[in-house]
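As a plain string of letters, each chain reads:
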Amino acid sequence: MNLIDLGLAVLALSFALGIIRAVRGPSVGDRAIAADLCLYAIVGAIALLTLRTTYDEFLDVILIATLLGFLATIALGALVGRRDS
Amino acid sequence: MDLIGGLLISLGVFLVLLAGIGLLRFPDVYIRSSATTKAGGLGIALVLAGTAFAMGTTEAAVKMGIAIVLQFIGAPVSGHVIGRAAYRAGAPLWDKTVVDELQGFVERPHERPHEPPVR
Amino acid sequence: MNHVIGPVRRLPHIVWALLVFLWALAMSNVRVAWEILTPGFSMTPAIIRVPTATRGGWETTLLANMITMTPGTLSLEVDEDTHDLYVHTLYYTSREAFLADIARLERTLLKATR
C-alpha cells in the first residue's frame with residue numbers, strides 16, 4: 001500500500017463524512033457545504049488517479065471540475081436563499 | 001521532486017479529512033462553513049500542487065496552477081454566498097454565539113432564532 | 001504611464017500582503033485543526049460589524065475574500081453604502097482585539113492596492 005492508495009482511501013472517507021452531513025442536513029446550507037466538500041474529495045481523487053495511471057488527460061478533468069464546482073456552489077447559494085431552510 | 005510532492009499531497013489529504021470530521025462535529029452552519037470548507041479548499045490546493053510536483057511536467061504545472069488559482073478565487077466566494085444565503089433564510093446560530101450585530105440589518109423569516117421559540 | 005509604474009512601485013507591498021495573508025491562512029488552519037481534533041469546543045462565535053477604510057469595488061471585495069479565506073472568519077454581509085463588513089468569527093474575545101486583527105490585514109492590503 002503506497003502513499004497514493006492511502007491518500008485515495010482517506011479521500012473516500014472524507015467523501016463518506018460529507019455524504020453523512022448532506023443526508024442529515026438540517027438546513028439546505030449544510031447540504032451545500034457538504035456537497036462542496038464531496039467535490040473537493042472527488043477533485044483530489046482525480047489528481048491522485050492522474051499520478052497513479054499517468055494519463056495526462058485527467059488534468060483537464062480537474063480544471064473543468066474546479067470551474068464547474070465554483071459555478072455549482074453559486075447556484076446552490078441562490079437555492080439556499082430562495083427556500084426556507 | 002517526489003519527496004516534495006508526497007509531502008504536499010499527504011498534508012492536503014490530511015486537511016480534507018479534517019474538514020470532513022469538522023463538518024460532522026461543528027454545531028451550526030456558519031461554523032461549518034468558515035472552519036471546514038476553507039480547510040478543505042486549502043487541502044485540495046495542496047494536493048494539486050503536490051500532483052504538479054510529482055508529475056514534473058510543464059503541462060501539469062500550468063494546468064494545476066490555473067486550477068489552484070480558480071480554487072483560491074472560488075472558495076471564499078462560495079463560502080460567502082452560502083453563509084449570506086443561510087443567514088437570510090434564517091438558519092439558527094449556535095447557542096454559545098455571544099454577539100450578533102447583523103441582527104436587524106437584513107430581514108429574516110423568524111427573529112432571534114438562537115433563542116428558544118416562544119410558544 | 002502611471003498605470004504601469006504604479007503596480008511596479010507597489011510590488012514589494014503586494015508581495016508582503018501575500019505573505020501576511022499566507023501566514024494568517026496557515027496559523028488559522030492550525031487553530032481550526034486543533035479545534036477539530038480535540039474533544040469539546042472552546043469557541044465563542046460572534047457576528048461583528050467591522051468598519052473598513054476600503055473604497056468599495058476591488059478593495060472591499062479583496063478584503064472580504066481574504067477574511068473569508070482564512071478559516072475561522074467568514075464575511076457574511078456587506079453594507080454597500082459605508083463598505084462595512086459583517087464578519088462571523090469563531091474566537092471572539094473583545095471588539096477591540098478583533099477589529100485590530102482585521103485592521104492589520106486591511107492596512108497591508110491597502111498599501112498593496114494604493
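Preceding this section is the structure that the text describes.
Residues numbered from 1 in each chain as written. Chains lettered and ligands numbered in written order. Predicted model: local features only at pLDDT ≥ 70, side-chain atom pairs only at ≥ 80, totals over all residues. Heavy atoms only, no water.

Participant: Is there a simple way to think about the pairing of strand S1 (residues 46–50) of chain C in this case?
Facilitator: Along any regular strand, the residues point their side chains to alternate faces of the sheet. Residue and element names in this part refer to chain C. The element S1 is largely enclosed, with a buried count of 4 among its 5 residues. By the bridge criterion, 5 bridges tie S1 to strand S3 (residues 84–89) in an arrangement that is antiparallel. Bridging from a neighbouring strand, Ile48 pairs with Val87 of S3. (Buried < 20%, exposed > 50% of the residue type's maximum accessible area, 1.4 Å probe, protein only. Helix = DSSP H or I, 4+ residues; strand = E, 2+ residues; numbered from the N terminus. Pairing = 2+ DSSP bridges.)

Participant: Honestly, the interface of chain C and chain B in this entry has me stumped. Any pointers?
Facilitator: One widely used convention gives an interface's size as the accessible area the parts lose upon coming together. If you look at the interface, chain C gives 36 residues, while chain B gives 37 residues. For the pair chain C and chain B, the two sides together bury roughly 3,100 Å², of which 71% comes from carbon and sulfur. Sorting the residues of chain C by area buried against chain B places Ile36, Met69 and Glu77 of chain C first, and these three jointly supply 21% of that buried surface. Linking chain C with chain B are 1 salt bridge, by the criterion used here. We note a salt bridge from Arg84 of chain B to Glu77 of chain C, for which the minimum N-O separation is 3.1 Å. Joining chain C to chain B, the criterion identifies 4 residue pairs in polar contact (both at pLDDT 80 or more). For the side of chain C that touches chain B, the secondary structure elements donating two or more residues are helix H2 (11–37), S1, helix H3 (57–69), strand S2 (73–79) and S3 of chain C. Of the residues in the side of chain C that touches chain B, the class split is 20 nonpolar, 11 polar and 5 charged. (Contact = heavy atoms within 4.5 Å. Buried area = accessible area lost by both parts, 1.4 Å probe. Salt bridge = Lys/Arg side-chain N within 4 Å of Asp/Glu carboxyl O. Polar contact = N/O pair within 3.5 Å; in protein donor to acceptor, adjacent residues only side chain to side chain. Nonpolar A, V, L, I, M, F, W, Y, C, P; charged D, E, K, R; others polar.)

Participant: Help me understand the packing of helix H2 (residues 29–55) of chain B against helix H3 (residues 58–89) of chain B, please; the structure alone is not making it clear to me.
Facilitator: Two quantities define a packed helix pair, namely the angle between the helix axes and the distance between the axes. Residue and element names in this part refer to chain B. Interhelical geometry of H2 versus H3 gives an angle of 175 degrees and a closest axis separation of 9 Å. When the axis of H2 is compared with that of H3, the two are roughly antiparallel. Between H2 and H3, the residues in contact are Val29, Tyr30, Ser33, Gly41, Leu42, Ile44, Ala45, Leu48, Ala49, Ala52 and Met55 and Ala60, Ala61, Met64, Ala67, Ile68, Gln71, Phe72, Gly79, Gly83, Ala86 and Tyr87, respectively. The residue inventory of the contact of H2 with H3, partitioned by class, reads 17 nonpolar, 5 polar and no charged. (Axes fitted to C-alpha atoms, helices over the stretch in contact; angles between N-to-C directions. Parallel < 35°, antiparallel > 145°, perpendicular 65-115°, else oblique.)

Participant: Please clarify how a nonpolar patch on the surface should be interpreted in this entry.
Facilitator: A cluster of nonpolar side chains, Leu11, Ile14, Val15, Trp16 and Leu19 of chain C, forms an exposed patch at the surface whose accessible area comes to about 480 Å². Within the element layout of this structure, Trp16 of chain C appears in helix H2. (Patch = residues over 30% accessible without salt bridge, like charges linked within 9 Å, V, L, I, M, F, W, Y side chains within 5 Å. Areas by Shrake-Rupley, 256 points an atom, 1.4 Å probe, with all protein chains shown as cover.)

Participant: How should the environment of Ala103 of chain C be read in this particular structure?
Facilitator: Within the element layout of this structure, Ala103 of chain C appears in helix H4 (residues 95–113). It is 30 Å that separates the C-alpha atoms of Ala103 of chain C and Leu37 of chain C, two residues lying 66 residues apart in sequence.

Participant: Looking at this model, I keep getting lost on the packing of aromatic side chains. Mind explaining?
Facilitator: Describing an aromatic ring pair means giving the distance of the ring centres and the angle of the ring planes. Enumeration according to the criterion identifies 2 aromatic pairs over all chains in this entry. Judged by centre distance (6.2 Å) and plane angle (55 degrees), the ring pair of Tyr30 of chain B and Tyr87 of chain B falls under tilted. Taken as a pair, Tyr30 of chain B in helix H2 and Tyr87 of chain B in helix H3 lie far apart in primary sequence, 57 residues in all. Assessed through its relative accessible area of 1%, Tyr30 of chain B is described here as buried. In this structure, Arg31 of chain C is placed above the aromatic ring of Tyr91 of chain C, and the distance from its NZ or CZ to the ring centre is 4.0 Å. (Phe/Tyr/Trp six-rings, centres within 6.5 Å; stacked < 30°, edge-to-face > 60°. Lys NZ or Arg CZ within 6 Å of the ring centre and 35° of its normal.)

Participant: Please clarify how the nonpolar core should be interpreted in this entry.
Facilitator: A general feature of soluble globular proteins is that nonpolar side chains tend to end up buried together. Counting 79 residues, the largest nonpolar core has Leu48 and Ile62 of chain A together with Tyr30 and Leu48 of chain B as the members making the most contacts within it. Counting residues per element, this core draws most heavily on H2 of chain B, which supplies 14 residues. Among all residues touching Leu48 of chain A, those that are not within four sequence positions of it are Ile4, Gly7, Leu8 and Leu11 of chain A together with Ile9, Val13 and Val47 of chain B. (Core = buried A, V, L, I, M, F, W, Y, C linked by side-chain atoms within 4.5 Å.)

Participant: What is the right way to look at the interface of chain A and chain B in this model?
Facilitator: In this complex, chain A contributes 43 residues to the contact, which on the side of chain B involves 45 residues. Between chain A and chain B, the buried area comes to about 3,600 Å², and carbon and sulfur atoms account for 79% of it. At the junction of chain A with chain B, the criterion picks out 2 salt bridges. Measuring nitrogen to oxygen at the nearest pair gives 2.8 Å for the salt bridge that ties Lys63 of chain B to Asp60 of chain A. Within the residue set of the side of chain A that touches chain B, elements represented by two or more residues are helix H1 (3–24), helix H2 (28–53) and helix H3 (58–82) of chain A. Here the side of chain A that touches chain B takes 14 residues from H2 of chain A, the largest share from any one element. Split by residue class, the side of chain A that touches chain B holds 23 nonpolar, 13 polar and 7 charged.

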